[in-house]
Amino acid sequence: MSKDKIVILTGAGISAESGLGTFRDEGGLWAQHRIEDVATPEGFHRDPDLVHGFYNARRAHAAKASPNAAHTALAQLEAEHPGNVLIVTQNVDALHEKAGSKNVLHMHGTLAGALCGRCDHRWPAPPEMHKDDLCPACGSAATRPDVVWFGEMPYHMDDIWTHLAQADTFVAIGTSGEVYPAAAFVQEAAMGGAHTIELNLEPSTRVSDFAETCFGPATRIVPDWVTQELSR
Ligand code: BV8
């Protein structure tokens with residue numbers, strides 16, 4: 001059994017078969033809204049009702065969603081692989097945790113979190129958030145979803161760079177490789193000597209950076225890869 005340190009980056013594609021929309025696929029979330037309007041601080045400032053509505057709908061949808069075979073396979077890998085397994089997810093849903101994964105970093109935040117734009121207080125988000133909600137700590141009407149919008153610094157970046165430098169294997173699952181800094185993780189891991197694998201429905205924009213690729217739905221190719229990894 002290898003004691004490889006495995007770092008896994010997941011994107012919206014791993015949750016697609018759980019019924020949660022991706023961003024850039026046909027009919028995806030960005031097809032219904034412009035990024036600038038719903039996933040930037042400027043868009044939130046311009047129309048907080050629109051942005052709260054966008055995230056309230058996603059929070060309700062995600063709360064009802066169940067993990068699929070890909071999430072479950074990654075939880076099994078964490079439980080049974082003798083080396084360290086870390087999931088860095090771009091996703092704001094909680095499907096990795098619902099599947100049993102413990103070692104998860106949400107670099108773009110979570111739908112389950114609320115943040116005060118005035119005092120930085122964080123608390124569990126209510127099912128619906130509205131622009132007139134008051135921060136439980138400072139009382140300001142400055143509450144927002146605790147997600148990372150475009151132009152904002154993703155969370156846990158120091159930890160993530162350290163783990164990428166130490167990785168023996170880096171796997172990207174269900175991500176188009178369109179958003180930075182996540183899109184650059186494969187190069188960072190490869191520079192540290194990691195073997196790099198892309199598991200995706202179709203080649204991402206960064207496919208040429210990966211040493212190994214496998215294409216198909218995550219619920220098929222991720223369990224297959226985990227079985228192979230655990231038998232090494
Ligand atoms: C930042 C919010 C720096 C929460 C999101 C170069 C360097 C650094 C930054 C930049 C740069 N160039 C541009 C930038 C700025 C920008 C950026 O990357 N822009 C892009 C559009 C070019 N990046 C940022 O602003 C980031 N911040 O860099 O800060 C900084 C420095 C100093 C000071 C301040 C800041 C912040 C980025 C975070 C933005 N927030 N989401 C939310 O609403 O969810 S990003 C958004 O896109 C999602 O969170 C998602 O995670 C992300 C990526 O999308 P994917 O997950 O890849 O999903 P996508 O739909 O694109 O693809 C799905 C894939 O799945 C496809 O490949 C498909 O084939 C596959 N698939 C589909 N079905 C299946 C499947 N695979 C398997 N099975 C299936 N069934």
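Before reading on, note that the structure itself is shown above.
To keep things clear, this report deals only with the structure shown in the data block. (Residues numbered from 1 in each chain as written. Predicted model: local features only at pLDDT ≥ 70, side-chain atom pairs only at ≥ 80, totals over all residues. Heavy atoms only, no water.)

## A closer look at the sheet that holds strand β3 (residues 104-106)
On the basis of which strands lie adjacent, the open sheet formed by 6 strands has the order β3-β2-β1-β7-β8-β9 and parallel pairing. Because the sheet does not close on itself, it has two edges, and the strands there are β3 and β9 (212-215). For this sheet, the mean angle separating the axes of adjacent strands, direction not counted, is 15°. Bridge analysis of strand β1 (residues 6-10) against strand β7 (residues 169-173) gives 5 bridges, and the strand direction is parallel. The partner of L9 across the bridge, within β7, is A172. On top of the sheet, helix α5 (residues 69-80) reaches β1, β2 (85-89) and β7; it is set at about 165° to β1, its chief contact. (Pairing = 2+ DSSP bridges. Helix = DSSP H or I, 4+ residues; strand = E, 2+ residues; numbered from the N terminus. Axes fitted to C-alpha atoms, helices over the stretch in contact; angles between N-to-C directions. Contact = heavy atoms within 4.5 Å.)

## What to know about the side chain of S18
Looking at the element boundaries, S18 is found in the loop between β1 and α1 (29-32). For S18, the side chain forms a polar contact with the main-chain oxygen of S66, separated by 2.7 Å. Not counting residues within four places of it along the chain, the set of residues in contact with S18 comprises A65, S66, P67, N68, H71 and L95. (Polar contact = N/O pair within 3.5 Å; in protein donor to acceptor, adjacent residues only side chain to side chain.)

## Here's the deal with the sheet that holds strand β5 (residues 122-124)
If you trace the 3 strands from one edge of the open sheet to the other, you get β5-β4-β6, paired in antiparallel fashion. The open sheet is flanked by β5 and β6 (143-147), the only strands paired with a single partner. Direction aside, the axes of adjacent strands within the sheet are offset by 45° on average. Examined bridge by bridge, strand β4 (residues 109-116) and β6 share 4 bridges and lie antiparallel to one another. In the sheet register, A114 faces β6, and the bridge partner there is P145.

## Thoughts on the site of the ligand
In the vicinity of the ligand lie 35 residues, with F23, R24, G151, T175 and S176 positioned nearest. At 2.8 Å from a nitrogen atom of the ligand is found a main-chain nitrogen or oxygen belonging to V148. The fraction of the free accessible surface of the ligand (1,500 Å²) that becomes covered by protein chains is 77%. When grouped by side-chain class, the residues that make up the shell around the ligand number 17 nonpolar, 11 polar and 7 charged. Looking at which domains feed residues into the shell around the ligand, each of domain 1 (1-20 + 65-108 + 154-232) and domain 2 (27-61 + 111-147) supplies at least three. (Near = heavy atom within 4 Å. Areas by Shrake-Rupley, 256 points an atom, 1.4 Å probe, with all protein chains shown as cover. Nonpolar A, V, L, I, M, F, W, Y, C, P; charged D, E, K, R; others polar. Domains from an automatic or database assignment.)

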